[in-house]
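# Chain and residue survey
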Amino acid sequence: MRHRPFALLLSVVALVACVAVAPSGAGAPQASAERPHAVIFMIGDGFGISQLAFSRNVVVGKGKRFVLESLPVVGLMTTWSASNAVTDSGAAATAMGAGVKTDNKHIGMDAAGKPVSTFADRAKEQGWKLGYVTTTRITHATPAACYGHVINRDDEWTIAEQILVQRPDVALGGGAAFFLPAAKQGKRTDGRDLLEEARKLGYAVWQRGDAWTSPPPDRLLGVFANDHLAYKLDDARLPPERRDPPLDKLTSLALDVLTKRTDGAKDDRGFYLMIEGGRIDHACHEHDAAGCAAEAADFDRAVAVVLEFQKKHPDTLVVLTADHATGGLAMNDTVDWDAVKRQKCSLLWLSGQVRSGGAGAALINEMTGYTDFGDEDVKVVRDAVDDYQGARELGHRLGRRQGVTWVPRINFQDTFGHTGEDVAVFAGGPGSSHFAGEIDNTDIPRLFCKLLGWHDPN
Ligand SMILES: [Zn+2]
């Protein structure tokens, strides 16, 4: 999508027309100055206001701001789900994708289990291109709610099939295992190779180590890891050839696909791009404060790419929010910021090393910058039910030293430690003023549709 002088002239004319003619109530603001030519929706999973403030202090320092905070419009958003005052990512993403409140764990289904259509579906009907980018498995709850419909978010086998039903133009993240049969290191037991099926549908499929061609393919499915993309703290310690692509690079690649002209000069289609910084949430589930900050920094670098794009294409609406907060991370006055910055790996990796890699207190001390972890700490981590609980045990022990506090109890049945406070909304571009004030997560797709003059998805 290149912004031609003709289009600019047209939008100036439209602006004048809009000012001159009285607004027609709930009528569509077609071709008005508020009608975006493209929508980029960014979700920091688990990126509550506390996570934002905490990470800002670690990453850019006191008194400075993340790039994302330069978006001019700021609002607050309620996030409750149909089943709980505290949402999970599935219900939140369904609310933000389809404008429907549903039960936790549902993806693209209402609370009664009926499939709902999404803003992405509406955009596709209108001839827009679609793109999804995440640092998690592409089949994980947040991206899944753009295209998938399942009662249980853990059914990622079905979700992987559903991405080939909606067929977005570009989808980038991890999660190859849910596309591949066991014979190819996958988790599918039905023998299907969905990556091969994607190729037959006209997709280029890129995996880790594949060369990125420029210009990119017209349709691209990029699954760069079997599971989620690696935590930034861990990825940074790998040799370059084993690293996963960072979110800013994936974002640039998605924008290249979405703005590529596939039909000569006539193809100047709008697009909807959802970008998720998906592992802020995971780090907070594991009570890993330094991990949270590193993932937030990765997300913010992707925002820089998006805002650079928006500068060249000012008819792009950018909206950024979180689906919920996670872990009860508090921005309290006991935090030893230098200690948080000293941590060299994720607590999940460290937990794995202690539990099955044979590592002891020496590695914990080396990676956290302390000297007083001992055998008792190692025993608690080894006795944990799994690596995640081991990471949380480490997180609590490290938190006492770093002065970081987390939610003391975790509900293992539902959200695993999300919290339900309102989250921030940041927006810029045409129509962005509608995202100011207090909105609900179901308002997001409705506002997109209103600005575009489209019917609500449901
Ligand atoms: Zn979430």
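Note that the coordinates shown come from a computational prediction; the quantities given were computed from them, not determined experimentally. Numbers given to residues run from 1 along each chain, matching the order in which its sequence is written. Restriction of local features to residues with pLDDT of at least 70 applies here, the model being predicted, together with a cutoff of 80 or more for giving and counting side-chain atom pairs; totals for whole chains, interfaces and linings are based on all residues. Processing note: side-chain calculations cover all non-hydrogen atoms of the structure and skip hydrogens and water entirely.

### What about the environment of Ser433?
- Where helices and strands are cited, they refer to DSSP runs of H or I of at least four residues and of E of at least two residues respectively, numbered from the N terminus. Summarising the element assignment, Ser433 is placed in the loop between β11 (423-428) and β12 (437-440).
- Counting along the chain gives 360 residues from Ser433 to Val73, while the straight-line C-alpha distance between them is 6.2 Å.
- Contacts were defined at the residue level, with two residues in contact if any of their heavy atoms lie within 4.5 Å. Not counting residues up to four positions away in its chain, the partners in contact with Ser433 are Glu34 and Val73.

### A look at the packing of aromatic side chains
- To pair, rings of Phe, Tyr and Trp, with the six-membered ring standing in for Trp, must have centres within 6.5 Å; the planes then decide the type, stacked if under 30 degrees apart, edge-to-face if over 60, and tilted in the middle. Under the criterion given, the structure shown has 15 aromatic pairs.
- Through successive ring pairs, a cluster of aromatic residues spans Phe41, Phe119, Trp128, Tyr272, Phe435, Phe448 and Trp454.
- We count a charge as sitting over a ring when the NZ of a lysine or the CZ of an arginine lies within 6 Å of the ring centre and within 35 degrees of the ring normal. One cation-aromatic arrangement involves Arg237 over Trp349; the distance from NZ or CZ to the ring centre is 4.3 Å.

### Concerning the coordination of the zinc ion
- For Na, K and Ca the donor cut-off is 3.2 Å, while for other metals it is 2.8 Å, and in both cases only N, O and S atoms qualify; water is not among them, so sites may look incomplete. Within the first shell, the zinc ion binds the protein through Asp45 (OD), Asp45 (OD), Ser89 (OG), Asp323 (OD) and His324 (NE2), at distances of 1.8 to 2.8 Å.
- The sequence motif formed by the donor residues of the zinc ion is D-x43-S-x233-D-H. With Asp45 in the loop between β1 (38-44) and α2 (49-59) and Asp323 in the loop between β8 (316-322) and β9 (325-326), this residue pair connects regions lying 278 residues apart in the sequence.
- We call a residue buried when its accessible area falls under 20% of the maximum for its residue type, exposed when it is over 50%, and partly exposed in between, using a 1.4 Å probe and counting protein chains only. We classify Asp45 as buried; its relative accessible area is 1%.

### Details of the packing of helix α13 (residues 347-355) against helix α15 (residues 375-383)
- Helix axes are fitted to C-alpha atoms over the stretch in contact, other axes to C-alpha atoms as well, and angles between N-to-C directions run from 0 to 180 degrees. Interaxial distance between α13 and α15 falls to 9 Å at its minimum, and their mutual angle equals 95°. Relative to α15, α13 is oriented roughly perpendicular. Along the contact surface, α13 presents Ser351, Val354 and Arg355, while α15 presents Val378, Val381, Arg382 and Asp383.
- Split by residue class, the contact of α13 with α15 holds three nonpolar, one polar and three charged. Working rule for angles: under 35 degrees goes down as roughly parallel, over 145 as roughly antiparallel, 65 to 115 as roughly perpendicular, anything else as oblique. All residues other than Ala, Val, Leu, Ile, Met, Phe, Trp, Tyr, Cys, Pro, Asp, Glu, Lys and Arg, Gly among them, are scored as polar; the first ten of these are nonpolar and the last four charged.

### Description of the sheet that holds strand β3 (residues 129-137)
- The mixed open sheet is built from 10 strands, whose spatial order is β5-β6-β4-β3-β7-β1-β8-β11-β2-β12. At either margin of the open sheet sits one strand with a lone partner, and together these are β5 (204-206) and β12. In this sheet, neighbouring strand axes are inclined to one another by 15° on average, regardless of whether the strands run parallel or antiparallel.
- Pairs of strands are assigned from DSSP output, requiring at least two bridges between the strands. Examined bridge by bridge, strand β2 (residues 73-78) and β11 share five bridges and lie antiparallel to one another. Its bridge partner lying in β11, Met77 is registered against Val423.
- In the packing of helix α11 (residues 289-312) onto the sheet, contacts are made with β1, β3, β7 (271-277), β8 and β11, and the angle to β1 comes to roughly 170°.

### With respect to the pattern of salt bridges
- In what follows, salt bridge is the name for a side-chain nitrogen of Lys or Arg lying within 4 Å of a carboxyl oxygen of Asp or Glu. One pass over the structure, following the stated rule, counts 25 salt bridges.
- A salt bridge links Asp372 to Arg401, with the nearest nitrogen and oxygen atoms 2.9 Å apart. Separated by 29 residues along the polypeptide, Asp372 in the loop between α14 (361-368) and α15 and Arg401 in helix α16 (residues 387-402) bring together distant segments of the chain.
- Residue Asp372 is classed as partly exposed on the basis of its relative accessible area of 46%.

### Thoughts on the domain arrangement of the chain
- Partitioning the chain into structural domains gives domain 1 (36-331 + 413-452) and domain 2 (342-402).
- For domain 1 and domain 2, the distance between their C-alpha centroids amounts to 30 Å.
- Taken together, the contact pairs 11 residues of domain 1 with 14 residues of domain 2.
- Buried area: the accessible area, evaluated with a 1.4 Å probe, that two parts lose upon being put together, summed over both parts. Looking only at domain 1, the three residues that lose the most surface to domain 2 are Arg237, Glu286 and His287, adding up to 48% of its buried area.
- On inspection of domain 1 and its partner domain 2, the count reaches zero salt bridges.
- If you tally residues by element for the side of domain 1 that touches domain 2, the top one is α11, at three residues. Per the annotation, domain bounds derive from an automatic or database assignment of domains.

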